[in-house]
Amino acid sequence: MFDRRFLRTKLGQAALASVATMAAFVALSSQIQATPAFAADAPVNTVILA
């Protein structure tokens with residue numbers, strides 16, 4: 001487990017920053033609502049080349 005000596009090292013600070021960034025990403029991504037793809041609503045046009 002993490003202790004205070006580890007968190008004072010550069011690797012410990014990088015790990016702490018990584019965990020904080022992941023937590024912020026999860027918090028912000030839960031705010032976004034998925035919308036249906038616009039491609040499914042578009043009419044399909046086909047061109048026949050002779």
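Structural notes, computed from the coordinates. (Residues numbered from 1 in each chain as written. Predicted model: local features only at pLDDT ≥ 70, side-chain atom pairs only at ≥ 80, totals over all residues. Heavy atoms only, no water.)

Focus: the overall build of the protein chain
Here is step 1 of the chain: The secondary structure content of the protein chain amounts to two helices and zero strands.
Here is step 2 of the chain: A burial count over the protein chain gives 2% of its 50 residues as buried.
Here is step 3 of the chain: Split by element, the accessible area of the protein chain, about 5,200 Å² in all, is 67% carbon and sulfur. (Helix = DSSP H or I, 4+ residues; strand = E, 2+ residues; numbered from the N terminus. Buried < 20%, exposed > 50% of the residue type's maximum accessible area, 1.4 Å probe, protein only. Areas by Shrake-Rupley, 256 points an atom, 1.4 Å probe, with all protein chains shown as cover.)

Notes on the pattern of salt bridges
Here is step 1 of the chain: Tallied over the entire structure, the rule returns one salt bridge.
Here is step 2 of the chain: The shortest N-O distance in the salt bridge between D3 and R5 comes to 3.4 Å. (Salt bridge = Lys/Arg side-chain N within 4 Å of Asp/Glu carboxyl O.)

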